[in-house]
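Chain residues, written in single-letter form:
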Number of protein chains: 4
Amino acid sequence: VAHVYEPNYDVAHFSHIELLTPRPEESQRFFTDVLSLQVVGQQGQSVYLRGYGDYERSTLTLTEAPAAGLGHAAFRCASLAALDRRVQQLGDAGRWVDGETGHGPAYQFRGPDGHLFELFYETTRFAPSASERPYLKNQPQRLPHGGARARQLDHLNLLSSDVLRDRSFFQEQLGFRLSEHIVMDNGRETGAWLRVTSKSYDLVFTQDATSARGRLHHLAYRLDNREDVLRAADLYTEHGIPIENGPGKHPIGQTFFVYVYEPGGNRVELCAGGYQIFAPDWQPVRWSEAERARGQAWGAPTVASFHTYGTPLLNGLSSTQENR
Amino acid sequence: VAHVYEPNYDVAHFSHIELLTPRPEESQRFFTDVLSLQVVGQQGQSVYLRGYGDYERSTLTLTEAPAAGLGHAAFRCASLAALDRRVQQLGDAGRWVDGETGHGPAYQFRGPDGHLFELFYETTRFAPSASERPYLKNQPQRLPHGGARARQLDHLNLLSSDVLRDRSFFQEQLGFRLSEHIVMDNGRETGAWLRVTSKSYDLVFTQDATSARGRLHHLAYRLDNREDVLRAADLYTEHGIPIENGPGKHPIGQTFFVYVYEPGGNRVELCAGGYQIFAPDWQPVRWSEAERARGQAWGAPTVASFHTYGTPLLNGLSSTQENR
Amino acid sequence: VAHVYEPNYDVAHFSHIELLTPRPEESQRFFTDVLSLQVVGQQGQSVYLRGYGDYERSTLTLTEAPAAGLGHAAFRCASLAALDRRVQQLGDAGRWVDGETGHGPAYQFRGPDGHLFELFYETTRFAPSASERPYLKNQPQRLPHGGARARQLDHLNLLSSDVLRDRSFFQEQLGFRLSEHIVMDNGRETGAWLRVTSKSYDLVFTQDATSARGRLHHLAYRLDNREDVLRAADLYTEHGIPIENGPGKHPIGQTFFVYVYEPGGNRVELCAGGYQIFAPDWQPVRWSEAERARGQAWGAPTVASFHTYGTPLLNGLSSTQENR
Amino acid sequence: VAHVYEPNYDVAHFSHIELLTPRPEESQRFFTDVLSLQVVGQQGQSVYLRGYGDYERSTLTLTEAPAAGLGHAAFRCASLAALDRRVQQLGDAGRWVDGETGHGPAYQFRGPDGHLFELFYETTRFAPSASERPYLKNQPQRLPHGGARARQLDHLNLLSSDVLRDRSFFQEQLGFRLSEHIVMDNGRETGAWLRVTSKSYDLVFTQDATSARGRLHHLAYRLDNREDVLRAADLYTEHGIPIENGPGKHPIGQTFFVYVYEPGGNRVELCAGGYQIFAPDWQPVRWSEAERARGQAWGAPTVASFHTYGTPLLNGLSSTQENR
C-alpha cells in the first residue's frame, strides 16, 4: 500500500552543500578554475564558493577533512513560519545551530541514513561589486570569463541503505514531492527523485550497493545548455580530469550530464536540460528493473562505478584511480 | 508605497488558452503542421490541441470567430480546496461554468482589463495510444516526427490599459508572484512578469499603446533548446511565414525567442532557455526607461509592431500585412 | 621509410554509395522516415535517395540483395580531363560502365581489398519542383518537414585486411591526402583517414578484425549541428532502433556521432562538427596504440562491436541482434 | 556575356591579416581577453596573434597606425611551384618582400581597388609548449580557458568600388571560385563571395556605398558552433562592447554571425555554421535586388551601418560612436 504524503511548500529549495575534502587546495582550484565558481569567503577550515547564477552568497562550502564526503546539505525554507513548522514536525530529532557565514540560525538534523541536513530561512543575498555587476539585472553576477561557467547549484544525490525510508522521511517530514522512482522486481526501491521546485528533482536517494551509510553520490551544478556540457567535457580532458560518465542523457529527469571526481574524491555532475513538473497531482513515474536495464536514455550502459563509488570511500576503495 | 502581496500556491500553472480565429482551418494547419501540435478533439466551433510534453489532454483551443483574439485563458489550481479558496477570494465577480472538453467545472471571471479567465482543478490527463507511447515514461507522448516540435504551453502575454492594476489583481486575488517589471520615468508601469511556478514567468501584462482593452499580445510554446528555436525559424521561412521578431534573446526572463502571427492573426512565440526563480523572497527586478531603451539582450531594437500589434485587431489594422 | 605521395585534385568528392540490403522496403523506410532522405527514382532492384543538401540527384542507392554490404562507392572527378587522368593512372585494372540513373559513364574498379569503386564526372544536378524549392537559393532543396533531417552524404568507412595498402592505393592512384592514422606498437596501421576536400576525411579504412575482405564499416550523413545529433538519438529510441555507439565525440576528426544499423544490417552514422584541414602540407596525425586505448574523445570506451561488425556479415554473425 | 575562369588550386587558403589600429593596446586586449587569441610575438609596431585552431604560428597582426584599416591580407599557396605560377601570372604588378615574422618570402601586390595582398608558401607551424599541448593531437593547441574561444581565422570581407572587377581579378589571376553574388536590377554586382577551399567563402568583396577605395569591411574568426556565437554575444555585452549586427543568420553562406567593432574601429565577425561546396562545377548562386530586400535569412533587416561603415573611416565618420 502506497502512503499518500501531503506535499507542502515550506521548503523552498536546495541552498548549499558542504563537501569534505582531504585536498582542500586542489578541490578549490577544481571548482574555481574548471567550474568557474568564485570564492566569496573563508572561515576556519572552510572556503565558501558560488556560481554566477546563485542568488545567495554561497552554495558550496569546501571543508578540509581527513576523508572526502558530505559535510552537510542545507535547504532554505519559504519563510520563518515555514521553518518553524518544519522544526515542529521534526520534533527534537535535531538542534539549532548558529548559521555558518552567509545565513542565519539553522536547524540541524540527521536523516535516517545518517546524512547531516540543515533547514534555515535567513540568508545573505549576493551583492556584486562594481566589476562583478552583470549586464542583465536579472542575473546575480556577470558571466564568468572562462572555465565551464557553472551557473547555479542544482541538486544533490545521496546514497542510502534504504531508499524508500529516506525518501518517505523527506516527503512526510518536509513536504518533498516524489517525481520518479525505481522499484526492482523484488519490490525494493533503489532510487527516488524528489522535488520542492518545478524542476523534476532537487534531491535524490539511490541505493548504496555496499554496506556503507550516509554517503554522498554526487552534487550537481547546472549549465545553460547541452553545448555547455559538451564544452565542459572538452575542458575536463584538457585539464587531465578523467570523465567517469557521459556526456549523456539520463532517462530519469531527461537530464544531460557529465560526471567527474573533484580532486578530493567527491563526484560532481554538470547538468543541463531536463523537464519540469507543473502538475499539482503528478503521478510518480515508476521504473522497473527491466526498464532500468535498458541503460541511459540512448542505450549507453551505466558505468559500473556509478553503482559502487561514493564518498566517504570504503576500505579498499582508497582512491578514485582504483575505481576506474 | 509598494503593496506587499502574500503569495500562495493555490494556482498551480497556466493550463490552456482559447484562441479566436477567423481562419480556423489555416490556424489549425499552422499549429499542427508547423508547430507539431496534435488535434485531440473537436466540439462545436472549437478544436483542441496539445504539445507532446503537455500532461493535460489539451492546452490550446482554436475557436472560429469573426475576429482573432483571446477566448479565455485558464489556470489549473493546486487542489479542489485551493480552487475554493481562490473563488472565495474573487467573491461574486465571476460564475461557475461547465468545463469544456478536457476539464471539470471552472470558475470564469474577467480581469480588470476585460480578459476572460478560468480557474479549475479537475482535469483529464493525456493517455497516449500505443503508437503515441514515448520511449521515456516521464514524457507524456512520443516526440513528434516533424515540424518545430513545440513541447509544451509556456506562458501568456496580455496587453493591458493599466499594467499595475492588472498585475496587482493577480498578485492579490490569485497569489501570483512578481518577477520583473518595467517602470517608466513618469512612474507608469508598462510591463509586469508574473509567476506561479519556478519559471521566471507564466503570465505577462504589457502596456497597450492603443486605447484598446482586453487584447492578446501573444501565447508561447516552449521548445527544448535554442537550436530548436533557430530551426523553427528555418521552418517558418520554408513555410513562407514572416518572422516578426527574432530569433533573439529577451533581457527580461533571458528567454530565447522567435515570434510570428498564426494565420488567424494571433501572435505566437516559440521560446527556450530563460532562468528560474527559487528564492522565496525574490526581489522583483525593476527596469527603467533608459534600461529598456537598450533594446533586446544583445542590443537589437525591439520591432515597432511589438508595441502596437495585438488581437483583436483595431480599425485600420485589419491584417498582419499592414502591420509589417 | 614513409612514401611521399603527391596529392592532386582530380577527385572532387565522395558522390554516392550503393548499399545492398536483404530488406529493401524496411531499409528504404529507415532512410526516408527516420533520416529524412527522399526517394528520387527507382530502377530494377534499386531505389535512389538523396539528402536535402546534396546537390546531385541522388547520393544513396538501395539495392535488394541476399545479404547486406557495399554495392559500390563512387567519387566524382573534378573534370572530364581529371577523370581521364585517373583512368590512365589506374591502367586496365577496371572497366567503363554505363552510369546508373543520375550520372554519366563511370570507370569501375576494385580496390586492393575487393571493394567496388567508381569514378565519373558527368552528373545530374537535383532540380527541385515548385514545392521542393527552398527559401534560401544556396540550398538545393527545402528543409525536410520531419525526421532527423540528414543534410548530405559525408563519408565512407571501409573495413580492410590491410589498411596501409588500401590507403596508399588511394593516395598513389587517386591523389587522396592522409589526414590521420593509427599505428600499433607492432607497426601495423589499423586505421587511415583520407580526404579530397577541406573536411578532415571523406574516406576511411579501418582494420577488419576478422579474416573477411571487402566489407563495409559504415556510411555517414551529415547533420547541421550537434543538437541535431542528440535529437536524432531521441528519434532512434522513439523508433525502437538500438543505438550501437554514441552520441559521442571521436578523437579522430573530432566528429560528433551516433551509430545504428539500418534494417538491412548496414551500419549508418549521423555526424556533425569536426575540423577542417587547410594546410597544403598537412602532417598526418599519427595515433599510437596507447593513445587509442584512451577511448573516445571524452574517454568513453569504444563499443566492442565497432571492431568486429561489418557488412556483409560473416557466418555466425547473421543478425544485428547477435552482435549487440 | 559571363567570362569563364578556369579555377586552379594554387592558392591554398586565407592565412593571415594585418589590421591597423590607432589603439593598439586596447585592440590587443580585445582580441586576447574577449576573443581568446594568444600573442605569439612582437616586432616593431606589430603584435602577432593566433587562434587555438590555427595551424600557423599567427593569423592576425595588429599594427599601430594613425587610422584603422587593412594593413595587408595574405594567402598561403599550395606549394613553392604554385606560388611561382601565381607570381608569373601576376606579372610585374607586385614585388617580393621579406616575410614578416612567421613566414618566408612573400609576393606583395595591390588589388584593383588598392587593397594590399601577399602570397607566400614557406610558413612557421605553431609548436605548442608543454602547457599549451592539447589533449587531442589533431588540434594545434589546447582549448583556451576563457573568452569567446575563437578557433581559427575564417574569412575576409573587403569593400570595393567595383566588385565585379575585383572578384574577376581573383578568379582570373589567382584561381578563386565564385560561390555566390548579388546583382542589382541595373546589372551592377554589389557583392561576391569567393572560395579556395570547401568552405563556401574565404574572401568577399562588397560594394562600398561611399566613394572610398581599399577599405576593409570585416575579418572573421570561426567558433565551433552557434551556441558559441550566442555565448560570444553574452560576453560582448558583459564587456560593454556594442553589437552592431546579430546574432543572426546570413542567407548568403548560411553563416551564423555576430559583429562588433574592435577598439581600433575595425569590424570583426565571429561566425559558425554555413555550408560547404564540393561540386567542381558549382553554379554561382545569383541573388537579385528583390531577393536581397528580404533581409537576413530569417527576415531581420540588415543594419544600415553595414552598408556604410568600413575602415579606414571617412571624414565625418571619425569614431564608431558616430556610426551607431
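Each remark here, short or long, concerns the structure printed above.
In this report, we go over the structure that sits alongside the text. Please read these numbers as outputs of a predicted model, since none were measured by experiment.

## Let's talk about the overall build of chain A
Thinking step 1. Summing up its helical and strand segments, chain A has 6 helices and 17 strands in all.
Thinking step 2. For 324 residues, the compact-globule estimate of 2.2 N^0.38 gives 20 Å, and the C-alpha radius of gyration of chain A, at 19 Å, lies within 12% of that figure.
Thinking step 3. For the C-alpha atoms alone, the extent of chain A along its principal axes is close to 55 × 45 × 40 Å.
Thinking step 4. Split into buried and exposed, the 324 residues of chain A put 66% on the buried side.
Thinking step 5. For chain A, the proportion of contacts with a sequence separation of at least 24, taken over those separated by at least 6, is 66%.
Thinking step 6. A total of about 11,400 Å² of accessible surface is found on chain A, and carbon and sulfur atoms cover 49% of it.
Thinking step 7. Treating the 32 positive side-chain charges of chain A as one cloud and the 38 negative ones as another, the clouds have centres 4 Å apart.

## Side note on the relation of the copies chain D and chain C
Thinking step 1. When chain D is fitted to chain C, the residual RMSD is 0.0 Å, and the transformation amounts to a turn of 180 degrees plus an axial shift of 0.0 Å. Each copy turns onto its partner about a two-fold axis. Closest approach to the rotation axis within chain D is made by the C-alpha atom of S198 of chain D, at a distance of 2.6 Å.
Thinking step 2. Interface residue correspondence from chain D to chain C reaches 100%, placing this contact among same-surface, isologous pairings.

## Focus: the interface of chain D and chain C
Thinking step 1. Listed as interface residues are 41 residues of chain D and, on the opposing side, 41 residues of chain C.
Thinking step 2. Taking both sides of the interface into account, the surface hidden between chain D and chain C amounts to around 3,500 Å²; carbon and sulfur atoms contribute 51%.
Thinking step 3. Per-residue buried area on chain D facing chain C is highest for K137, N138 and F278 of chain D; these three make up 20% of the total on that side.
Thinking step 4. At the surface where chain D touches chain C, the tally comes to 6 salt bridges.
Thinking step 5. Remark: the boundary between chain D and chain C carries 21 residue pairs in polar contact (both at pLDDT 80 or more).

## Here's the deal with the interface of chain A and chain B
Many authors give the size of an interface as the accessible area that is lost as the parts come together.
Thinking step 1. With 41 residues of chain A at the contact, the number on the chain B side is 41 residues.
Thinking step 2. In this assembly, chain A packs against chain B so that about 3,500 Å² is buried in total across both faces, 51% of it on carbon and sulfur atoms.
Thinking step 3. Ranking the residues of chain A by area buried against chain B places K137, N138 and F278 of chain A at the top, with a combined share of 20%.
Thinking step 4. For the salt bridge of R76 of chain B with D281 of chain A, the shortest nitrogen-to-oxygen distance reads 2.6 Å.

## Concerning helix α1 (residues 24-34) of chain C
Thinking step 1. Burial in α1 of chain C covers these residues: S27, F30, F31, T32 and V34 of chain C.
Thinking step 2. Positive backbone phi, approximately 75 degrees, marks S36 of chain C, located one or two places after α1 of chain C.

## Quick look at unusual backbone geometry
Residues apart from glycine generally show negative phi values, whereas peptide bonds are mostly found in trans.
Thinking step 1. In this structure, P247 of chain B follows G246 of chain B across a cis peptide bond, with omega equal to 0 degrees.
Thinking step 2. In this structure, P247 of chain B sits in strand β14 (residues 243-249).
Thinking step 3. Positive phi is not limited to glycine here, since Q254 of chain B has a value of about 55 degrees.
Thinking step 4. Looking at the secondary structure, you find Q254 of chain B in the loop between β14 and β15 (255-261).
Thinking step 5. Residue classification places Q254 of chain B among the buried positions, given a relative accessible area of 6%.
Thinking step 6. Phi at R149 of chain D takes a positive value of approximately 55 degrees, unusual for a residue other than glycine.
Thinking step 7. Within the secondary structure, R149 of chain D is located in the loop between β8 (116-120) and β9 (152-160).

## Topic: helix α4 (residues 226-238) of chain A
Thinking step 1. Compared with the 18 Å implied by 1.5 Å per residue over 13 residues, the 19 Å span of α4 of chain A between its first and last C-alpha is a close match.
Thinking step 2. With its phi angle positive at about 70 degrees, G240 of chain A sits one or two positions after the end of α4 of chain A.

## Some words on the pairing of strand β12 (residues 203-207) of chain D
All names here are of chain D.
Thinking step 1. The buried fraction of β12 is high, at 5 of 5 residues.
Thinking step 2. For β9 and β12, the ladder comprises 5 bridges, and the chain directions are parallel. Each bridged residue has a counterpart across the sheet, and for L159 the counterpart in β12 is T206.
Thinking step 3. Strand direction decides the pairing type here: strand β11 (residues 189-195) and β12, joined by 4 bridges, are antiparallel. Within β12, the position partnered with G191 by the bridge is T206.

## Quick word on the sheet that holds strand β7 (residues 106-110) of chain B
Residues and elements named next belong to chain B.
Thinking step 1. Taken in spatial order, the 8 strands make up an open sheet running β2-β3-β4-β1-β5-β8-β7-β6, and their pairing is mixed. Both outer strands of the open sheet, β2 (38-43) and β6 (95-97), are each paired with one neighbouring strand and no more. When strand polarity is set aside, the average angle formed by the axes of neighbouring strands in this sheet is 25 degrees.
Thinking step 2. Pairing of β2 with strand β3 (residues 46-50), which is carried by 5 bridges, proceeds in the antiparallel orientation.

## Some remarks on the sheet that holds strand β11 (residues 189-195) of chain C
Residues and elements named next belong to chain C.
Thinking step 1. The strand order across the open sheet built from 9 strands is β14-β15-β16-β13-β9-β12-β11-β10-β17, with neighbouring strands paired in mixed fashion. Each of the sheet's edge strands pairs with one partner strand only, and the pair in question is β14 (245-249) and β17 (285-288). Strand-to-strand twist across the sheet, computed as the mean angle between neighbouring axes with direction ignored, equals 15 degrees.
Thinking step 2. With 7 bridges joining them, strand β15 (residues 255-261) and strand β16 (residues 267-273) adopt antiparallel strand pairing. In the strand pairing of β16, Y261 is matched with R267.
Thinking step 3. Against the sheet, helix α4 (residues 226-238) makes contact with β14, β15 and β16, and its axis sits at roughly 20 degrees relative to β15, the strand it touches most.

## Points about the relation of the copies chain A and chain B
Thinking step 1. Between the two copies, chain A and chain B, the superposition gives an RMSD of 0.0 Å; the rotation angle is 180 degrees and the shift along the axis is 0.0 Å.
Thinking step 2. With an isologous cut-off of 70% or more, the 100% of interface residues of chain A that recur at the interface of chain B puts this contact in the isologous class.

## Some details on the packing of aromatic side chains
Thinking step 1. Taken as a whole and judged by the stated rule, the model has 75 aromatic pairs over all chains.
Thinking step 2. With a centroid separation of 5.3 Å and an interplanar angle of 90 degrees, the aromatic rings of F75 of chain A and F176 of chain A are classed as edge-to-face. Note that F75 of chain A is positioned in strand β5 (residues 69-77) and F176 of chain A in the loop between α3 (163-174) and β10 (177-183), a separation of 101 residues in sequence.
Thinking step 3. The buried category is assigned to F75 of chain A, whose relative accessible area is 1%.
Thinking step 4. Ring centres of Y261 of chain C and Y309 of chain C lie 4.2 Å apart, and the angle between their planes is 20 degrees; this geometry places the pair in the stacked category. Remark: Y309 of chain C occurs in the segment after α6 (305-308) and Y261 of chain C occurs in strand β15; sequence separation between them is 48 residues.
Thinking step 5. For Y309 of chain C, a relative accessible area of 1% translates into the label buried.
Thinking step 6. In this structure an aromatic cluster arises from ring pairing among F14, F75, W96, Y107, F109, F117, F169, F170, F176 and F205 of chain D.
Thinking step 7. A cation over a ring is seen here: R294 of chain C above Y135 of chain D, with NZ or CZ 4.1 Å from the ring centre.

## Points about the pattern of salt bridges
Thinking step 1. Summed over the entire model, instances satisfying the criterion amount to 76 salt bridges over all chains.
Thinking step 2. Of the charged contacts, one joins D224 of chain B and R231 of chain C as a salt bridge, the two residues approaching to 3.4 Å between their closest N and O atoms. With D224 of chain B in the loop between β13 (216-222) and α4 (226-238) and R231 of chain C in helix α4, this pair bridges two chains.
Thinking step 3. In the salt-bridge network here, residues are joined through shared partners; they are R151, D224 and D228 of chain A, K249 of chain B together with R231 and D234 of chain D.

Cut-off values and rules
Per chain, residues are indexed from 1 in the order of the written sequence. Going through the entries in the order they are written, you letter the chains from A and number the ligands from 1. Only residues with pLDDT of at least 70 are given local features in this predicted model, and only at 80 or more are side-chain atom pairs given and counted; all residues enter the totals for whole chains, interfaces and linings. Hydrogens and waters are ignored; side-chain quantities use all the structure's heavy atoms. Working definition: helices are DSSP H or I runs of at least four residues, strands are E runs of at least two. Numbering for both runs from the N terminus. Our radius of gyration is a C-alpha quantity, and the globule rule it is checked against amounts to 2.2 Å times the number of residues to the power 0.38. Throughout this description, buried means an accessible area under 20% of the type-specific maximum (1.4 Å probe, protein chains only), exposed means over 50%, and partly exposed covers the range between. Should any heavy atoms of two residues lie within 4.5 Å, those residues are counted as being in contact. Per-residue accessibility takes into account occlusion by the displayed protein chains alone, with areas from the Shrake-Rupley method and a 1.4 Å probe. Note on charges: Lys and Arg go in the positive column, Asp and Glu in the negative column, and His and the chain ends are not counted at all. One atom stands in for each charge, and that atom is NZ of Lys, CZ of Arg, CG of Asp or CD of Glu. Here the copies were fitted onto each other by least squares, based on C-alpha atoms from residues at pLDDT of at least 70 in both. Accessible surface is computed with a 1.4 Å probe, and the buried area is the amount of it that two parts give up when combined, taken over both parts together. Definition used for salt bridges: Asp or Glu carboxyl oxygen within 4 Å of a side-chain nitrogen of Lys or Arg. Under the rule applied, a polar contact is a pair of N or O atoms within 3.5 Å (in protein, one hydrogen donor and one hydrogen acceptor; residues adjacent in sequence only if both atoms are side-chain atoms). Here the expected length of a helix is defined as 1.5 Å per residue gap, with one fewer gap than residues. What makes two strands pair is DSSP finding at least two bridges between them. Fitting a line to C-alpha atoms yields each axis, with helices limited to the stretch in contact; the angle taken between N-to-C directions then spans 0 to 180 degrees. In summary, the pairing rule links any two rings of Phe, Tyr or Trp, Trp by its six-membered ring, whose centres are within 6.5 Å, and it sorts them by plane angle into stacked for under 30 degrees, edge-to-face for over 60 and tilted for everything else. A ring has a charge above it when a Lys NZ or an Arg CZ is no more than 6 Å from the ring centre and no more than 35 degrees off the ring normal.

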